[in-house]
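# Observations on the three-dimensional arrangement
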Amino acid sequence: PVPMGAGFGAGLGLALASSAFIGGSFVLKKKGLLRLCGRARAGQGGHAYLREWLWWAGLLCMGVGEAANFAAYAFAPATLVTPLGALSVLVSAVLSSIFLNEQLNVHGKIGCILSILGSTVMVIHAPQEEEVSSLESMAEKLKDPGFIVFALCVLVSSLLLIFVAGPRYGQSNVLVYVLVCSAIGSLSVSCVKGLGIALKELFSGKPVLKEPLGWVLLVCLVICISIQINYLNKALDIFSTSVVTPIYYVLFTTAVMMCSAILFKEWQHMVLDNIIGSISGFLTIVSGIFLLHAFRDMPFTPNLLPLFLQPGRADPHPSWSSADRHQSCQHQPLLPSQDKGSQSAEEEE
């Protein structure tokens with residue numbers, strides 16, 4: 001069980017602040033990319049966005065959000081922090097509808113509610129990872145054959161997406177660049193957790209700076225974040241924010257859950273009800289995010305409501321005693337209305 005105390009409250013507050021900053025960063029960076037009129041855009045491999053202060057403001061917000069997220073892992077378990085990342089999707093969707101004129105209809109609002117409910121269920125039933133209290137134990141887990149195979153699959157698939165699928169389908173399929181960000185992001189989370197352990201040991205007085213693993217994790221984290229920023233900018237420049245953000249969250253969370261399950265063996269110690277609860281919560285989030293972006297361009301008019309909810313049609317089934325009730329199907333004429341005149345004329349003749 002998650003301990004309820006000052007540390008839990010601090011971790012929860014940092015996780016919520018992280019979602020707010022990260023959600024706002026998507027909108028700021030998209031706003032900066034939209035101002036690149038007549039200059040080489042990120043979607044065509046340009047880097048003119050580096051001259052836009054709005055893009056840098058978005059990058060700063062993302063940095064603050066990631067720092068808050070990093071600190072949240074030190075105070076609260078990852079099973080609490082990770083599901084709350086869905087709130088960044090909601091923040092991004094709401095802010096996009098306000099500042100980017102991107103539509104958020106009733107389907108999107110229902111999707112937001114489902115995402116919040118799914119996050120709550122995942123917080124309650126999420127798996128508890130094994131304790132990793134030192135760099136030595138982290139090094140042992142990184143040497144696990146299962147994790148090595150997973151990391152190699154991530155690297156090979158990312159290279160194929162970048163050099164093979166990217167030039168062909170990157171401009172038309174949103175999954176290409178987002179998959180690169182999500183796959184590399186799963187490795188960056190492992191680096192973040194390892195660096196968090198190193199910082200704890202550093203503050204406790206241990207000679208962490210002499211350990212090569214800490215520096216290796218730092219270099220890997222910088223490389224992973226650089227790749228994520230580059231290809232996330234490409235996706236945001238080509239596609240709508242309301243499309244990129246939800247898909248990125250779903251794929252990123254799935255990759256992180258797979259990486260954590262392989263690295264920390266957290267699913268081995270779960271009972272059946274927690275497994276079902278975690279899967280149900282995640283599928284609820286996926287359903288909410290699907291509603292959030294799949295129907296974003298569908299206008300919602302009163303004609304789409306059921307008859308009993310449409311204005312002016314509060315009584316779709318009037319009583320039989322009303323004067324203007326409709327005739328029964330048994331009393332409907334068999335011939336079309338346009339043939340009534342000709343039929344009556346024939347009868348008169």
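Remember, it's a predicted structure, so these values are computed and weren't measured experimentally.

## Some details on the overall build of the chain
Assigned secondary structure in the chain consists of 12 helices and zero strands. Listing the helices and strands of the chain from first to last along the sequence gives α-α-α-α-α-α-α-α-α-α-α-α. Evaluated residue by residue, the chain yields a buried proportion of 42% over its 349 residues. Accessible area for the chain stands at about 19,100 Å²; split by element, carbon and sulfur atoms hold 67% of it.

## Some points on the nonpolar core
Grouped burial of nonpolar side chains is what soluble globular proteins tend to show. Counting residues in each nonpolar core, the largest one holds 48 residues, and the members touching the most others are F26, L142, V174, V178, L187, L232 and V244. Looking at this core, the elements with two or more residues in it are α1 (6–34), α2 (53–75), α6 (135–142), α7 (145–169), α8 (175–203), α9 (212–238) and α10 (241–264). In terms of residues, this core owes the most to one element, α8, which gives 13 residues. A domain split of this core shows at least three residues from each of domain 1 (7–102) and domain 2 (129–268). Beyond its immediate sequence surroundings of up to four residues, V244 is in contact with V174, V178, L232, A235, L236 and F239. Core analysis: the second largest hydrophobic core is formed by 19 residues, L84, V89, L90 and F282 among them.

## Regarding the environment of A86
Mapped onto the fold, A86 is located in helix α4 (residues 86–99). Since its relative accessible area comes to 1%, A86 is described here as buried. Between the alpha carbons of A86 and I285 there is a distance of 7.6 Å; along the sequence they are 199 residues apart. Discounting residues that sit within four places of it in the chain, A86 has contacts with S119, Y249 and I285.

## As for the packing of α4 against helix α5 (residues 106–125)
What describes two packed helices is the angle between their axes and the distance between those same axes. One way to put it is that α4 packs onto α5 with a least axis distance of 9 Å and a crossing angle of 165°. Here α4 is positioned roughly antiparallel relative to α5, judged by the angle of their axes. Note on packing geometry: the crossing formed by α4 with α5 is left-handed. Contacts between α4 and α5 involve A86, L87 and L90 from the first element and C112, S115, I116 and S119 from the second. Residue composition of the contact of α4 with α5, grouped by class: five nonpolar, two polar and no charged.

## Observations concerning α4
Under the 1.5 Å per step criterion, the end-to-end length of α4 is 20 Å for 14 residues, consistent within 8% with the ideal 20 Å. Among all positions of α4, only A86, L87, S88, V89, L90, S92, A93 and S96 are buried. Two residues or fewer past α4, N101 is found with a positive phi of approximately 55°.

## Let's talk about the environment of G170
Its location among the elements puts G170 in the loop between α7 and α8. Residues G170 and I238 lie 68 residues apart in sequence; the distance between their C-alpha atoms is 8.9 Å. Sequence-distant contacts of G170, that is, excluding residues within four places in its chain, are made with A165, V176, Y177, I238 and F239.

## A closer look at the packing of aromatic side chains
One pass over the full model with this rule turns up three aromatic pairs. Taken together, the aromatic side chains of F26, Y248 and F252 make up a single cluster linked through ring pairs. It is K29 that lies over the ring of F26; its NZ or CZ is 6.0 Å from the centre.

## Regarding the confidence of the model for the chain
Scored by pLDDT, the chain has a mean of 76; 74% of the residues are at 70 or more. Looking at the elements of the chain, mean pLDDT is at its lowest for helix α12 (residues 340–348), recorded as 51, and at its highest for α7, recorded as 92. Segment residues 1–5: pLDDT under 50, and four contacts once partners within four positions in sequence are set aside and those in other chains are kept. Throughout residues 319–331 the model reports pLDDT below 50, and contacts reaching past four residues in sequence, or to other chains, amount to four contacts.

What counts, and at which threshold
- Residues numbered from 1 in each chain as written.
- Predicted model: local features only at pLDDT ≥ 70, side-chain atom pairs only at ≥ 80, totals over all residues.
- Heavy atoms only, no water.
- Helix = DSSP H or I, 4+ residues; strand = E, 2+ residues; numbered from the N terminus.
- Buried < 20%, exposed > 50% of the residue type's maximum accessible area, 1.4 Å probe, protein only.
- Areas by Shrake-Rupley, 256 points an atom, 1.4 Å probe, with all protein chains shown as cover.
- Core = buried A, V, L, I, M, F, W, Y, C linked by side-chain atoms within 4.5 Å.
- Domains from an automatic or database assignment.
- Contact = heavy atoms within 4.5 Å.
- Axes fitted to C-alpha atoms, helices over the stretch in contact; angles between N-to-C directions.
- Parallel < 35°, antiparallel > 145°, perpendicular 65-115°, else oblique.
- Left-handed = near helix turned anticlockwise from the far one by under 90°.
- Nonpolar A, V, L, I, M, F, W, Y, C, P; charged D, E, K, R; others polar.
- Expected span 1.5 Å × (residues − 1).
- Phe/Tyr/Trp six-rings, centres within 6.5 Å; stacked < 30°, edge-to-face > 60°.
- Lys NZ or Arg CZ within 6 Å of the ring centre and 35° of its normal.
- pLDDT = per-residue confidence, 0-100.

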